[in-house]
Structures are given as structure tokens and as C-alpha cells.
Amino acid sequence: MSDIIEQLEEFRRRLIDLSTRNNLLNANLSSKSQVLRFVDELPDQVFDYVLDDSKTMYLESVPKPSEIGFFIEQGVISEEDTLEDVEGYLDELDEEEREAIDQKLAEYLDRTALKHAESLGISSSYELPIVESSSEIENKHQDNRLQTLFYDDDLDLLASKIRRYSNTTLQEKGINSLFLSFGYLEWVDPRAPEKKHLAPLLSIPVGIFRESKKEVISRRSYKEKSEEIARRLYRLEHSGEDVLTNEALKLKLDTFGIILPDYDSELSPEEYFSLVSQDIISQNTEWKIHRFISLSKLDFSGSVLYQDLDINKWLGEGLENHPLMSQLFGSDRDTRENVVDIELDNEPELDFIAPIVVGADSSQHSAIVDALKGKNMVIEGPPGTGKSQTIVNLISALLSNNKKVLFVAEKAAALSVVKDRMADIGLAPFCLDLQNKATSNKQQVIKDLQRRLDATFSMPGIIQQKRDELNSLRKELADYTNSLNSVYINKKTSQEILAKVVNLKFKLGLADIPLNELSELKVDEENLNN
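This report concerns the structure included in the present document. (Residues numbered from 1 in each chain as written. Predicted model: local features only at pLDDT ≥ 70, side-chain atom pairs only at ≥ 80, totals over all residues. Heavy atoms only, no water.)

1. Description of the overall build of the protein
Stage number 1. In terms of helices and strands, the protein carries 21 helices and 8 strands.
Stage number 2. Counting only residues that meet the buried cut, the protein has 34% of its 530 residues in that class.
Stage number 3. When contacts within the protein are restricted to residue pairs at least 6 apart in sequence, long-range pairs at least 24 apart make up 69% of them.
Stage number 4. Total accessible area on the protein is roughly 33400 Å²; 50% of this is exposed by carbon and sulfur atoms. (Helix = DSSP H or I, 4+ residues; strand = E, 2+ residues; numbered from the N terminus. Buried < 20%, exposed > 50% of the residue type's maximum accessible area, 1.4 Å probe, protein only. Contact = heavy atoms within 4.5 Å. Areas by Shrake-Rupley, 256 points an atom, 1.4 Å probe, with all protein chains shown as cover.)

Written as C-alpha cells, this is what we have:
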């Protein structure tokens, strides 16, 4: 393998954090973290349901304890009875019996969600159940609800926090950070065997949404009246992206000499768990597979880049011989030329080659010229030094030269700044926004393309007049600069002469005389030279 390929592979490995700070290797599933865990579900059923883009899964809370529920549990009344029937029962109790039943009722109403879930027959274990055959699957495992161990208020609060974080990440970075994970490998680092870590195995990218009032009304139309229907439920929907495996875990296990089995899209979660158990758990008896399902924020951005830079995908394309690779990793790395400011006043034709649409100094204009010549470069500078306006000028200059431009950035804010500046100068019709989820859906993209195809543009009628004015002003400024820097008496410039004059004013005691009256004084040329 060549030196370039080795360096690229090393760079690729550094994209993924293999320390336990990475929650893909050391997941925190505690109640204090922004993680929503599910109980009493079947991995295969949930997996298939979520991946069906025509379906939606709702987050299910534990029903709150109620007085009528208490008396049904106590066998006082049946499910068909009402609280009026309870009153008759209570009237027959003596004072001591009434106090006892009130104490039990208070304890019942104060139950934790976990304890109440168990009383309702909901399994409270995060280790999900195993069924041997499809005939054993209960109806509750085939519905569109994901069971949690929260009452509705607590569930809504946590779901709101997760949704807010997910939306913020999506808006700022343009990437989805919310995943529904299936199965966790409990692994141990041989160098620190006392510590156990959890790593998700399969993760589906999802979005979390809250019902609108219209959706609540729609749900009311086909639900029983007895159900609590006024509450706006949270739901999960598949983002449409592929199921992701844990690349960080694969690399980490590789350092132990352990191979994580590849996931095939034809495999169900249960089949993949069995495969991992067969290949890994059988050889590492202290390790376990936990049948957990959880909703959490995960960062797969490094893994995506890691997979994209897989050498085996690019060798057939001559990656090693690409000139850019040689500049980044090869022999040309130490011979890169620095950008030198171009004397634009001496090359007025550059106004046609590299036109600018917003203000630019000579270094920024020079960078645009070099980019148009096909040079690769890095433009650095602290905030407020004109990087965004240089990008606007560069995109506009490339458009003027019939080029297509793909502008990418890590954060959406940088894209928005440039897009807004392009709109300010009338170039918005030439920009197609592919980052903003609100404006980059299929229908909106089609509308933007149609609007662009239907638009007509004409050349500015006074562009030559503006260029002539520019050249005239440029010549005037250049003449002024040349005059200031020209050599006059005794090969001195005007600045040097002025400095001598000011110095002589103080030497001769003439500091109070205005400079425009000094011409009437006779000064010996010999003094001027001293």
C-alpha cells in the first residue's frame, strides 16, 4: 500500500472516537439522561413497524391510577360499574373500615409508574420478552404504541426535551441525531475488566413529532369515547435513511481481535442478535446482549464519513493518483505555494474574468482569481474578516463563468448567511437549498426548479458604463497613490519632505505657522537635508 493510502487510512481512523466518551461505545441509559426506554415490546415487530414509512408509532404512557381503578382492583365493583356504585359500598362501611380503605386508596393513587404498570400486567423489565412462535404474539405487541414506564406528564416532558434537542441539531448541522436503537452489547475492555460498557447494535434514524389539534380530532373520530383523547400524543416516524450499524463498536472490537458480524438488511434484529451471540458471546462469556429498545441522541457523522472514505470503494477510481491527494498527503504537500496578492490595477481584464458583487479587498479578490484558475486553497481568518463575502463573490464569479457550485458547511448558520447575501444581490433564483428540511422536501425542490426554468434574465444595460466609471476611479486613485510615492527634491518622496518640513517648524520655532503659509519662508536647502 502506498504512503498516500496509508496516510488516508490513518486519517479515516481518526474520524471515530474509540474512547468511552463516545456514547456509541458507552451508552448512558440512566433516567437522568435524555434517553427514552421501552418495555413489553418485541424487537422484530417494532423494527418492521417503524421501517414501514406508511405507519406511525405513538409513545404510550402508563395510565394514571384512578379511584374507579382502585375499587375495580379491590373487587368492589366490576369494569361496567361507576363511582355511584362505589358510594353505596362505602356507605355500608364503619368508621374504621372507611379509614382503612381511604389509606389504601391514597397509597394506590400515589403509586410510581413502574409499580402501577406491573399491577396492570405491563412488564417493567427493559429486557424485552422472547416469543418462540408467531402464535404466541399478543395483540399489545402488534399495535402502533411503544410502551414506556412514565405517566403522561413525565412522558410529555421528556419527549419534549428530546424533540427540542433533535430539532436544534437538525437546524444547526443539517443531520439527524435521533435514533431508535435495538439491542445493546455489554462489553468489557480487557485492560479495565472491572468496568462494563453498553454499545447499541442496530439503530434506525427517526424523527419525533407531536400531534396537531387537527390530528387529535381525527383520532377522536375512530376511538372509543372512554379513551383519553384530548392529549396531544408524541409519535415516531422513520426518517427514510438506512439502518445503521455501530462502526465505532466494530473498530473497538477489532483492537481486541474480535470481529463484529456484518448486518444484512435481510436480517431481523432477533437474527442479528443470534449472530452476534454466536460469533462473540460464545467466546467472551462475561459479555452479554441486552434486548433493549431505546430512543436517544447519537452522533453517527464520523461513521458516515468513515464508510464513505473506505479505500476499497475508491481504488478503482484511481484515488491514489488524483492530484489533490498528492497535495494533501503526497510529495507535493511541502511544496504548496502561498497565495500572493495580485496587482489588480495592472490587470484590469480581471474585472471580466473574476467579477465581484460585494466589497472585496485585494487579498480576497486575488483568492477569487486563483480559484477561477483551478487552484485548491484554504482561506483562513478570524470572525469578521470577510470570509462569507468572499464565498459570495466566489460563487457569483463561478456562476458568471458558467460553473455549477456545491456549497457545504458543517453548520446551517453558515449556509444561511451566504444564501441571504446571495438573495440580497438578486441571485436567489440561482440557489437551490438542499439543507433546510422545511424547504428541501421533494415538492419544494420541484417548485424551485420550475421557478428557475421559467425565470428570464437580461444583461444589465449600463454594465459597460459602470466598468468605465470603475476604471476612471481606479486610475484617479492610482495616480494619487503614485504621486504620493514619487521622488521629488533630493530623491525624497512627498511624505519624507512633509516630515522634514514639520520637523523644521519645531526647530525654527515656527510650530504656530500653518503649513500653507510656510511657502513664503525662505529655507536653506542645506537645512532641508539635515
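2. Thoughts on the packing of aromatic side chains
Stage number 1. The tally for this structure, following the rule as stated, stands at 8 aromatic pairs.
Stage number 2. Where phenylalanine 70 meets phenylalanine 71, the ring centres are 5.0 Å apart and the plane angle is 75°; that geometry is what we call edge-to-face.
Stage number 3. A network of ring pairs unites the aromatic residues Phe70, Phe71 and Tyr108 as a single cluster.
Stage number 4. In this structure, arginine 37 packs its charged tip against the face of tyrosine 126, placed 3.9 Å from the ring centre.
Stage number 5. Directly above the ring of tyrosine 49 sits lysine 55, whose terminal nitrogen or CZ lies 4.8 Å from the centroid. (Phe/Tyr/Trp six-rings, centres within 6.5 Å; stacked < 30°, edge-to-face > 60°. Lys NZ or Arg CZ within 6 Å of the ring centre and 35° of its normal.)

3. Some details on the nonpolar core
Stage number 1. Leu59, Leu180, Phe182, Leu249, Trp287 and Leu295 are the most contacted members of the largest nonpolar core, which has 51 residues in total.
Stage number 2. If we ignore the near neighbours within four places in the chain, the residues touching leucine 249 are Leu25, Leu185, Trp187, Ala199, Pro200, Leu201 and Leu260.
Stage number 3. Of all hydrophobic cores here, the second largest spans 9 residues; its members include Phe71, Val86, Ile101 and Tyr108. (Core = buried A, V, L, I, M, F, W, Y, C linked by side-chain atoms within 4.5 Å.)

4. Some words on unusual backbone geometry
Stage number 1. Of note in this structure, aspartate 40 is not a glycine but carries a positive phi near 55°.
Stage number 2. Tracing the backbone shows aspartate 40 in the loop between β1 (36–37) and α2 (43–51).
Stage number 3. Judged by its relative accessible area of 7%, aspartate 40 falls in the buried class.
Stage number 4. Notably, asparagine 402 is not glycine yet its phi reads approximately 60°, a positive angle.

5. Focus on the pattern of salt bridges
Stage number 1. Overall, the coordinates contain 20 salt bridges when judged by the stated rule.
Stage number 2. One salt bridge in this structure joins glutamate 9 and arginine 12, with 3.0 Å as the shortest N-O distance. Separated by 3 residues within a single helix, glutamate 9 and arginine 12 lie in helix α1 (residues 3–13), roughly one turn from each other.
Stage number 3. Given a relative accessible area of 7%, arginine 12 falls into the buried group.
Stage number 4. By sharing partners, the salt bridges in this structure join Glu9, Arg12 and Asp310 into a single network. (Salt bridge = Lys/Arg side-chain N within 4 Å of Asp/Glu carboxyl O.)

6. Things to note about the pairing of strand β5 (residues 196–210)
Stage number 1. Of all 15 residues that make up β5, 12 are buried, and the element is covered over most of its length.
Stage number 2. Taken together, the 9 bridges between strand β4 (residues 178–188) and β5 define a ladder with antiparallel strand orientation. Residue tryptophan 187 lies in a different strand from β5, and its bridge partner there is histidine 197.
Stage number 3. The pairing of β5 with strand β7 (residues 244–245) spans 2 bridges and is antiparallel. If you follow leucine 202 over to β7, its bridge partner there is threonine 245.
Stage number 4. The sheet contact formed by β5 and strand β6 (residues 234–238) spans 5 bridges and is antiparallel. Within the sheet, the bridge partner assigned to isoleucine 208 lies in β6 and is leucine 236. (Pairing = 2+ DSSP bridges.)

7. With respect to the environment of alanine 106
Stage number 1. Among the secondary structure elements, alanine 106 is positioned in helix α5 (residues 95–109).
Stage number 2. The exposure class of alanine 106 is partly exposed, given its relative accessible area of 45%.
Stage number 3. A sequence separation of 39 residues divides alanine 106 from glutamate 67, and the C-alpha atoms of the two residues are 9.3 Å apart.

8. Topic: the packing of helix α16 (residues 387–400) against helix α17 (residues 412–424)
Stage number 1. Closest axis-to-axis distance for the α16/α17 pair is 10 Å, and the angle between their directions is 55°. Taken together, the axes of α16 and α17 are oblique relative to one another. In terms of crossing hand, the pair formed by α16 and α17 is right-handed. For the pair α16 and α17, the contacting residues are Ser388, Gln389, Ile391, Val392, Ile395, Ser396 and Leu399 in the first and Val417, Val418, Arg421 and Met422 in the second.
Stage number 2. Across the contact of α16 with α17, the residue classes break down as 7 nonpolar, 3 polar and 1 charged. (Axes fitted to C-alpha atoms, helices over the stretch in contact; angles between N-to-C directions. Parallel < 35°, antiparallel > 145°, perpendicular 65-115°, else oblique. Left-handed = near helix turned anticlockwise from the far one by under 90°. Nonpolar A, V, L, I, M, F, W, Y, C, P; charged D, E, K, R; others polar.)

9. Some remarks on the side chain of serine 303
Stage number 1. Residue placement: serine 303 occurs in helix α11 (residues 301–308).
Stage number 2. The residues touching serine 303, leaving out its near neighbours within four places in the chain, are Ile16, Glu247 and Ala248.

10. Describing α5
Stage number 1. For α5, spanning 15 residues, the distance from its first C-alpha to its last is 21 Å, which sits close to the expected 21 Å at 1.5 Å a residue.
Stage number 2. Restricting attention to buried positions, one finds in α5 the residues Ile101, Leu105 and Tyr108. Looking down the long axis of α5, one finds its buried residues gathered within 60° of arc, a one-sided arrangement. In α5, those exposed residues whose orientation departs by more than 90 degrees from the buried face are Glu95, Glu96, Glu99 and Glu107.
Stage number 3. Tucked inside the fold, the buried residues of α5 contact α3 (67–73), α4 (83–91) and α6 (113–119).
Stage number 4. Between the side-chain oxygen of the N-cap and the backbone nitrogen of glutamate 96 there are 3.2 Å, and the N-cap of α5 in question is aspartate 94. (Expected span 1.5 Å × (residues − 1). Arc of directions from axis to C-beta. Polar contact = N/O pair within 3.5 Å; in protein donor to acceptor, adjacent residues only side chain to side chain.)

11. Quick notes on a nonpolar patch on the surface
Stage number 1. A surface patch of nonpolar side chains, amounting to about 280 Å² of accessible area, comprises Leu432, Leu434 and Leu449.
Stage number 2. Its place among the elements puts leucine 449 in helix α18 (residues 442–454). (Patch = residues over 30% accessible without salt bridge, like charges linked within 9 Å, V, L, I, M, F, W, Y side chains within 5 Å.)

12. Examining the packing of helix α15 (residues 362–372) against α16
Stage number 1. Axis separation between α15 and α16 bottoms out at 10 Å; the angle between their running directions is 40°. Both α15 and α16 take part in a crossing whose hand is right-handed. For the pair formed by α15 and α16, the contact residues are Gln364, Ile368, Ala371 and Leu372 on the first element and Gln389, Thr390, Asn393, Leu394, Ala397 and Leu398 on the second.
Stage number 2. Its residues placed into classes, the contact of α15 with α16 shows 6 nonpolar, 4 polar and no charged.

13. Some details on a negative patch on the surface
Stage number 1. On the surface, Glu67, Glu84, Asp85, Glu87, Asp91 and Glu92 cluster together into a patch of negative charge.
Stage number 2. For the negative patch, the element with the highest residue contribution is α4, accounting for 4 residues. (Lys, Arg positive; Asp, Glu negative; His and termini not counted. Charge placed at Lys NZ, Arg CZ, Asp CG, Glu CD.)

14. Remarks on the side chain of histidine 116
Stage number 1. Tracing the chain through its elements places histidine 116 in helix α6.
Stage number 2. A relative accessible area of 2% means that histidine 116 is categorised as buried.
Stage number 3. Once residues within four sequence positions are removed from consideration, histidine 116 is found in contact with Val62, Pro63, Lys64, Pro65, Tyr108, Arg111 and Tyr151.

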